[in-house]
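Summary of structural features
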Amino acid sequence: MESSFPFGVILAVLASLIIVANALVAMAVLWLIHKNDGVGLCFTLNLAVADTLFGVAISGLITDQLSSPAQPTQKTLCSLRMAFVTSSATASVLTVMLIAFDRYLAIKQPLRYFQHMNGLVAGASIAGLWMVSYLIGFLPLGVREFQQTTYKAPCSFFAVFHPRFVLVLSCAGFFPALLLFVFFYCDMLKIASMHSQQIRKMEHAGAMARAHRPPQTPSDFKAARTVAVLIGSFTLSWTPFLITSMVQVACQECHLYLVLERYLWLIGVGNSLLNPLIYACWQKEVRQQFSQMALGVKKGLTAFLLLLWARNGGPEGSRESSHHVTTISYSEPDG
C-alpha cells in the first residue's frame with residue numbers, strides 16, 4: 001500500500017481525538033474512584049487508558065503516510081509499531097469483555113460479587129489482561145507463519161503481518177468473545193426483566209407505594225443497556241475488518257489490502273473513539289463529573305483573568321498610567 005497524504009491527515013485527526021477524549025474520560029473516572037472508592041470503575045479507567053495508548057500507538061504511523069517514500073520505515077521498527085498497536089487494541093477489546101463480565105456477575109450474584117470483588121481482585125484482573133494483550137500483540141514476531149515474507153513501505157498492519165494472524169485471532173478470540181457477549185447480555189436482560197416484574201408486583205400490592213411516585217428505570221436495565229451499546233459498537237467496528245481479512249486468507253488472488261487498511265481498519269480504529277463517547281453519554285455519574293470538571297475549569301479561568309485584571313490596575317489604573325506618561329513627555333522640554 002502506497003503512502004497517502006489524505007489518509008495520513010485522517011489518521012492524525014482520529015488519533016488526536018482518541019487521545020483527548022479518552023484522557024478526559026480517564027481523568028473523570030479517576031476522580032470518581034478517588035471520591036467513591038468504586039472498584040468496578042477501575043475497569044472503565046483501564047478501558048480509557050487502553051484506548052489512549054492505542055491512539056498514541058497509531059500516531060506513530062502518521063509520519064509514514066505523510067513523509068516521502070525516500071525515507072521508509074525499517075521492517076523491524078514497523079513490526080514493533082504494529083505489535084504495540086495490536087496489543088493496545090486487544091487490551092481495549094478484553095477490557096470491554098471484562099466490563100461486561102463484571103456487570104454480569106454484579107447482577108447475577110450480587111451478594112457474592114460484593115463479598116469477593118475488591119481492589120486486589122480488580123488489579124490482578126487488569127494485570128493479567130495486559131499480559132495476555134501483549135502476548136497476543138507480539139505473537140507474530142515469534143511465529144514466522146504470521147509474518148509477511150516480503151516488506152514494502154509504508155508501514156501498515158498487512159505490510160508486516162499476514163492475514164492468517166487475523167484469521168487465528170478471529171476464530172480463537174473475536175467470535176467466541178462475541179458469543180459470550182450475547183450470552184451475558186441475554187442473561188442480564190432476563191434477570192433485569194425478572195427484577196422489574198417483582199418491583200411492579202410489590203408496587204401493585206402497596207408495599208412500595210408512595211404518593212404517585214414516577215416510574216424509575218431499574219439499575220439492572222441501565223447496566224444491561226450500557227453493555228449492549230458497548231457490544232454493539234465493538235461488533236460493528238471490528239467485524240467488517242476481521243471478516244474481510246478471513247476472505248483474503250481464503251482467496252489469495254483477491255487483493256483486498258487497500259480496502260482493509262484504508263477503510264475497514266479505520267472503522268475499527270473508530271471504536272476507541274466511540275468508547276469514551278458512550279460513557280460520556282450513557283453513564284450519569286461520568287456526565288456529572290464532566291460538569292464538575294468544566295465548572296472547575298471555568299472558575300479557575302475566571303480567577304486567572306481577574307488576577308491579570310487586578311495586576312494591570314483595571315481601567316482606572318491603565319487610564320492613570322497613560323495620563324502619567326503623557327505628563328512626563330510634556331514636562332521633559334521644560335527641564
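Residues numbered from 1 in each chain as written. Predicted model: local features only at pLDDT ≥ 70, side-chain atom pairs only at ≥ 80, totals over all residues. Heavy atoms only, no water.

**Things to note about a nonpolar patch on the surface**
A cluster of nonpolar side chains, Phe-5, Val-9, Val-13, Leu-17 and Leu-66, forms an exposed patch at the surface whose accessible area comes to about 440 Å². Among the elements that take part in the nonpolar patch, helix H1 (residues 5–36) stands out by supplying four residues, more than any other. Here Val-9 lies in helix H1. (Patch = residues over 30% accessible without salt bridge, like charges linked within 9 Å, V, L, I, M, F, W, Y side chains within 5 Å. Areas by Shrake-Rupley, 256 points an atom, 1.4 Å probe, with all protein chains shown as cover. Salt bridge = Lys/Arg side-chain N within 4 Å of Asp/Glu carboxyl O. Helix = DSSP H or I, 4+ residues; strand = E, 2+ residues; numbered from the N terminus.)

**Remarks on the state of the cysteines**
Inspection of the entire model under this criterion finds two disulfides. Here Cys-78 is linked by a disulfide to Cys-155, with a sulfur-sulfur distance of 2.0 Å. As the torsion about the S-S bond is roughly 90 degrees, the Cys-78-Cys-155 disulfide counts as right-handed. With Cys-78 in helix H4 (residues 75–108) and Cys-155 in the loop between helix H7 (139–142) and helix H8 (157–160), this pair connects stretches of sequence that are 77 residues apart. You'll find Cys-78 and Cys-155 in the same group, each marked buried. Between the sulfur atoms of Cys-251 and its disulfide mate Cys-254 the distance is 2.0 Å. Its torsion about the S-S bond being 75 degrees, the disulfide of Cys-251 and Cys-254 is classed as right-handed. Listing the disulfide partners of the chain by sequence rank of the bonded cysteines yields 1-2, 3-4. (Disulfide = S-S within 2.5 Å. Buried < 20%, exposed > 50% of the residue type's maximum accessible area, 1.4 Å probe, protein only.)

**Overview of the UniProt feature "transmembrane region" (unreviewed entry) in the chain**
In the numbering used here, UniProt assigns the feature "transmembrane region" (unreviewed entry) to residues 6–33, 40–62, 82–105, 117–141, 161–186, 223–243 and 263–282. Secondary structure content for residues 40–62 is 87% helix and 0% strand, and the end C-alpha separation is 35 Å. End-to-end, the C-alpha atoms of residues 82–105 are 34 Å apart, and along that stretch the chain is 100% helix and 0% strand. (UniProt positions renumbered as here; feature names shortened; annotations may be inferred.)

**Considering the confidence of the model for the chain**
For the chain, the average pLDDT comes to 81, and 82% of its residues sit at 70 or higher. Highest mean pLDDT in the chain belongs to helix H6 (residues 119–137) (93); lowest belongs to helix H14 (residues 314–331) (46). Every residue in residues 211–217 is under pLDDT 50, and counting partners more than four places away or in other chains gives three contacts. Counting interchain partners and residues more than four positions distant, the pLDDT-below-50 stretch residues 317–335 has two contacts. (pLDDT = per-residue confidence, 0-100. Contact = heavy atoms within 4.5 Å.)

**Concerning the environment of Val-93**
When you line up the elements, Val-93 lands in helix H4. Look past the residues within four positions of Val-93 in its chain and what remains in contact with it is Phe-234 and Trp-238.

**Topic: the pattern of salt bridges**
According to the stated counting rule, one finds two salt bridges in the structure shown. With its nearest N and O atoms 2.8 Å apart, the salt bridge here joins Asp-102 to Arg-103. With a shortest N-O distance of 3.4 Å, Lys-108 and Asp-187 are connected by a salt bridge. Of this pair, Lys-108 sits in helix H4 while Asp-187 is found in helix H9 (residues 163–205), placing the two residues 79 residues apart along the sequence. The exposure class assigned to Asp-187 is buried, which follows from its relative accessible area of 13%.

**Quick notes on the packing of helix H2 (residues 41–59) against H4**
Between H2 and H4, the shortest axis-to-axis distance is 8 Å and the interhelical angle comes to 160 degrees. In this view, H2 runs roughly antiparallel relative to H4, as classed from their interaxial angle. Relative to H4, the crossing made by H2 is left-handed. Where H2 abuts H4, its residues Phe-43, Thr-44, Asn-46, Leu-47, Ala-50, Asp-51, Leu-53, Phe-54, Ala-57 and Ile-58 lie against Phe-84, Val-85, Ser-88, Ala-89, Ala-91, Ser-92, Thr-95, Val-96, Leu-98, Ile-99 and Asp-102. Along the lines of polarity and charge, the residues of the contact of H2 with H4 split into 14 nonpolar, five polar and two charged. (Axes fitted to C-alpha atoms, helices over the stretch in contact; angles between N-to-C directions. Parallel < 35°, antiparallel > 145°, perpendicular 65-115°, else oblique. Left-handed = near helix turned anticlockwise from the far one by under 90°. Nonpolar A, V, L, I, M, F, W, Y, C, P; charged D, E, K, R; others polar.)

**Here we look at the side chain of Thr-95**
Along the chain, Thr-95 falls in helix H4. Within polar-contact distance, the side chain of Thr-95 engages the side chain of Asn-46 at 2.9 Å. Among the polar contacts made by the side chain of Thr-95, one reaches the main-chain carbonyl oxygen of Ala-91 at a distance of 2.5 Å. (Polar contact = N/O pair within 3.5 Å; in protein donor to acceptor, adjacent residues only side chain to side chain.)

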